[in-house]
Amino acid sequence: MQSSDILFFNGIEETVDSLAHESQRQKKKKKACDMKTTCITILFWPLSMLLLSDESQSSRTEVKYNFTEMNYSLIPVDINKNVTILDLSYNQITLNVTDTTVLQMYFLLTELYLIENNIIMLYNNSFGNLSNLEILNMCTNSIHIIQQGAFTGLNKLKQLHLCQNKILQLNPDIFLPLKHLILLNLQGNLISYFDVPLMFHLELIILYGNPWNCSCSLLNLQNWLNTSNVTLENENITTCEYPDSLKRYRITTVPYNAKCYSKFSPLIYEDLHSHFQSITNSTFNSSLNNLKNSEHKLGKSWAFLVGVVVTVLMTSFLIFIAIKCPIWYNFLLSYNHHRLEEHEAETYEDCFTGNSSSLSQAPHTNSEEATVIYEQHSFVLDDDGFIEDKYIDTHELREEN
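First things first, this report covers the structure right here in the doc. (Residues numbered from 1 in each chain as written. Predicted model: local features only at pLDDT ≥ 70, side-chain atom pairs only at ≥ 80, totals over all residues. Heavy atoms only, no water.)

1. Looking at the state of the cysteines
Now for step 1: According to the stated counting rule, one finds two disulfides in the structure shown.
Now for step 2: Each sulfur in the disulfide pair Cys139 and Cys163 lies 1.8 Å from the other. Across the S-S bond of Cys139 and Cys163 the torsion is about 110°, and the bridge reads as right-handed. Of the two residues, Cys139 is situated in the loop between β5 (135-137) and β6 (145-146) and Cys163 in the loop between β7 (159-161) and β8 (183-185); the sequence distance between them amounts to 24 residues. Side by side, Cys139 and Cys163 carry an identical accessibility label, which is buried.
Now for step 3: At a sulfur-sulfur separation of 1.9 Å, the disulfide partner of Cys214 is Cys240. With the S-S bond torsion at -90°, the cross-link from Cys214 to Cys240 turns out left-handed. Highlighted residues: Cys214 in the loop between β10 (212-213) and α3 (219-227) and Cys240 in strand β12 (residues 240-242), separated in sequence by 26 residues. (Disulfide = S-S within 2.5 Å. Helix = DSSP H or I, 4+ residues; strand = E, 2+ residues; numbered from the N terminus. Buried < 20%, exposed > 50% of the residue type's maximum accessible area, 1.4 Å probe, protein only.)

Right under this line is the structure:
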């Protein structure tokens, strides 16, 4: 064979070898990719199955009951426990203790409608077991009292409708359990002031139809509406009712002066009227409990203060008595006299005459000196301990003698 043929065959062998190596390398690479795909599938398969099972379960267990206009006064107890959407609107339900107890059985509820019933008060833990509830609508009732723990347990609630009620004021603490609330409807109530709760991340709020008092107390609400991402529905008709000078202003455009910015902080009410309204508002019981707790905490301090004041007053009174007693004693003693008996008068007269004669017989004395000595003697205490009474009628005694 010629050298050219040998080189040709060698080139063919090298080409075949390179193709074989390349094919083997591609097989190894494909095998590695298949292994990676298998690993990823194994890792994410439980999660995907869990998501699919949740979706299928939610679609499978969605149960809706409609009991509107049935003239119910109590929430029925014979409903399927797996109910997820319950509509009890246009009945006579008051949401009393019995109703709240029945509601605890329907823990799978995601939507609850109690529109136009006879609800007056929302008690603590009224919805405590409804941890899956997302929509709660209680519009067109007569709610005017909401206890502080009324919404406890509603961890997933997204929409809260309290429109067309008689709410005067809302304590911001009642919204603390609602971590995922995005819509709050307070339209058509009697609210004049609203303090924005801390950590309040709403997307939509409805406030029109309330008699807003646009004094300095509403400054914090205006700042929150203008600086947060919340949308105020029907902003053009959400206007001020008081004072007259700001009437018809939108609550988001009220021109507050520098006095409001410098004088009022976010946690202080502007006037006493708003403060007294807050006492008779929907959180009256909560305010009363807080007041009792503060009095209980300060009870020992007040008792100590009263004890100190009483001790000081009693000590001052005793010192005053101690100082004034000698004066009163002498004053009373000066009037503690009695008329001399007959034999006492004679004895006193003889003693007085003897003393006068002895004084008159003393050498180097005269009548004037005797008179002086007599006057001094009349005011000196006798040895018998009696004090001469200057009110005794001496002329009468002489006549009797």
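2. As for the sheet that holds strand β11 (residues 231-233)
For sheets, the rule is that strands pair by backbone hydrogen bonds, running either parallel or antiparallel.
Now for step 1: Strand order in the open sheet formed by eight strands is β1-β2-β3-β5-β7-β8-β9-β11, and the pairing between neighbours is parallel. The open sheet is flanked by β1 (64-66) and β11, the only strands paired with a single partner. When the angles between neighbouring strand axes are averaged without regard to direction, this sheet yields 5°.
Now for step 2: Of the strand pairs in this sheet, β8 and strand β9 (residues 204-206) are connected by three bridges, and their pairing is parallel. The partner of Leu183 across the bridge, within β9, is Leu204. (Pairing = 2+ DSSP bridges. Axes fitted to C-alpha atoms, helices over the stretch in contact; angles between N-to-C directions.)

3. Quick word on a nonpolar patch on the surface
Now for step 1: Among the surface-exposed residues, Trp302, Leu305, Val309 and Leu313 lie close enough to one another that they form a single nonpolar patch of about 430 Å² accessible area.
Now for step 2: Following the sequence through the fold, Trp302 ends up in helix α6 (residues 284-333). (Patch = residues over 30% accessible without salt bridge, like charges linked within 9 Å, V, L, I, M, F, W, Y side chains within 5 Å. Areas by Shrake-Rupley, 256 points an atom, 1.4 Å probe, with all protein chains shown as cover. Salt bridge = Lys/Arg side-chain N within 4 Å of Asp/Glu carboxyl O.)

4. A closer look at the packing of aromatic side chains
Now for step 1: Counting across every chain of the model gives three aromatic pairs.
Now for step 2: Summarising the aromatic geometry, the rings of Phe67 and Tyr72 are spaced 5.9 Å apart at their centres and angled 50° between planes, so their arrangement reads as tilted.
Now for step 3: Judged by relative accessible area, which is 15%, Phe67 ranks as buried.
Now for step 4: With a centroid separation of 6.4 Å and an interplanar angle of 80°, the aromatic rings of Phe175 and Phe194 are classed as edge-to-face. With Phe175 in the loop between β7 and β8 and Phe194 in the loop between β8 and β9, this residue pair connects regions lying 19 residues apart in the sequence. Phe194 carries the same exposure label as Phe175, and that label is buried. (Phe/Tyr/Trp six-rings, centres within 6.5 Å; stacked < 30°, edge-to-face > 60°.)

Shape descriptors only; they carry no functional weight alone.
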